[in-house]
Amino acid sequence: EKWRETEMLPPSVWLPGFLNPKLFMLTCRQCLAREGRGQSLTGVDVDFTVTNLAWDAVQQQPPGGMGWYVHGFYIEDAVWDPEETALAHKQWNSPLDAAKLPVVLVHSDAATNFHRAGISKDMYPCPVYVTHARGDSYLFSIDLESLIDATVWVCAGTALVL
């Protein structure tokens, strides 16, 4: 209720709460195109950075309008290792919370500098789906860091689900 009255987004947007999450992502792209001064909508690259913030730990949006925090992603066929900030193999006794991806920062790659140089981790372009059925529910991909070769996650069918 509070964010509806102030017309400000909540500190972190629960992406599965939208009837059509793809429209929210399109809105983010439009805002980034406006900030880019003269960029066309198709010329804007939206980037995703996995933070170390828990879903309920976010108190405010990123400073300086650097993007938007979103959450609500669950990992299928893998877990997120918070110490290594990378995908890890799922153990048979892994808790359900291990399948939660921490809060993700949606931003323009040109507007922020979140890429850490010198880290030798593979990036896995992890597909994001609305439902477990996959297929027509594909939304976009998020590059997730991995300590092992990304082909392992492709063969395992690792994906994010809202």
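Please read all numbers here as calculations on a predicted model, not as lab measurements. (Residues numbered from 1 in each chain as written. Predicted model: local features only at pLDDT ≥ 70, side-chain atom pairs only at ≥ 80, totals over all residues. Heavy atoms only, no water.)

Looking at this structure, I do not really get the packing of aromatic side chains. What am I missing?
Centre-to-centre distance and the angle between the planes together describe a pair of aromatic rings. For the coordinates displayed, the defined rule picks out 4 aromatic pairs. The interplanar angle of 5° and the centroid separation of 5.0 Å between the aromatic rings of F48 and F140 together place this pair among those described as stacked. In this pair, F48 is assigned in strand β2 (residues 46–50) and F140 in strand β9 (residues 138–146), connecting sequence segments 92 residues apart. The exposure class assigned to F140 is buried, which follows from its relative accessible area of 12%. Residues W55 and Y74 carry aromatic rings whose centres are separated by 5.4 Å and whose planes lie at 80° to one another, so their mutual orientation is edge-to-face. In this pair, W55 sits in the loop between β2 and β3 (68–71) while Y74 sits in strand β4 (residues 74–76), placing the two residues 19 residues apart along the sequence. When its relative accessible area of 31% is taken as the criterion, Y74 is described as partly exposed. The residue whose ring lies beneath K100 is W55, and the NZ or CZ to ring-centre distance is 4.5 Å. (Phe/Tyr/Trp six-rings, centres within 6.5 Å; stacked < 30°, edge-to-face > 60°. Helix = DSSP H or I, 4+ residues; strand = E, 2+ residues; numbered from the N terminus. Buried < 20%, exposed > 50% of the residue type's maximum accessible area, 1.4 Å probe, protein only. Lys NZ or Arg CZ within 6 Å of the ring centre and 35° of its normal.)

Even after reading the chapter, I still don't get helix α2 (residues 21–35), so can you show me in this structure?
Since one α-helical turn is 3.6 residues long, residues separated by three or four positions face the same way. For α2, spanning 15 residues, the distance from its first C-alpha to its last is 22 Å, which sits close to the expected 21 Å at 1.5 Å a residue. Of all the residues in α2, the buried ones are P21, F24, M25, C28, L32 and A33. (Expected span 1.5 Å × (residues − 1).)

Which parts of the structure should I look at to understand the pattern of salt bridges?
For side chains of opposite charge, pairing can occur when their charged atoms come near one another. If you walk through the whole model with that rule in mind, you get 1 salt bridge. With its nearest N and O atoms 2.6 Å apart, the salt bridge here joins R134 to E76. Taken together, the positions of R134 in the loop between β8 (122–129) and β9 and E76 in strand β4 put the pair 58 residues apart, joining distant regions of the chain. Under the relative-accessibility criterion, E76 is labelled buried at 18%. (Salt bridge = Lys/Arg side-chain N within 4 Å of Asp/Glu carboxyl O.)

Explain the nonpolar core here, please?
Grouped burial of nonpolar side chains is what soluble globular proteins tend to show. By size, the foremost hydrophobic cluster in this structure holds 32 residues, and its most contacted members are F73, L101, F140, L144 and L160. If you list the elements that add at least two residues to this core, you get α2, β2, β3, β7 (104–108), β8 and β9. For this core, the element with the most residues is α2, which contributes 5 residues. (Core = buried A, V, L, I, M, F, W, Y, C linked by side-chain atoms within 4.5 Å.)

I tried to follow the pairing of β3 on my own but got confused; where do I start?
The side chains of a regular strand alternate between both faces of the sheet. The alternating pattern of β3 places W68 and V70 and Y69 and H71 on opposite faces, both of which are buried. Sheet topology places strand β1 (residues 12–14) next to β3; 3 bridges connect them, and they run parallel. Of the residues in β3, the one forming a bridge with V13 is V70. Where β3 lies against β7, 3 bridges are found, and the strand directions are antiparallel. Following the sheet pairing, Y69 is matched in β7 by L105. (Pairing = 2+ DSSP bridges.)

Where do I start with a nonpolar patch on the surface in this structure?
Residues L23, L26 and L41 make up a contiguous nonpolar surface patch of about 240 Å² in total accessible area. Residue position: L41 is located in the loop between α2 and β2. Residue L41 is classed as partly exposed on the basis of its relative accessible area of 33%. (Patch = residues over 30% accessible without salt bridge, like charges linked within 9 Å, V, L, I, M, F, W, Y side chains within 5 Å. Areas by Shrake-Rupley, 256 points an atom, 1.4 Å probe, with all protein chains shown as cover.)

Function-wise, these values are silent; they only describe arrangement.
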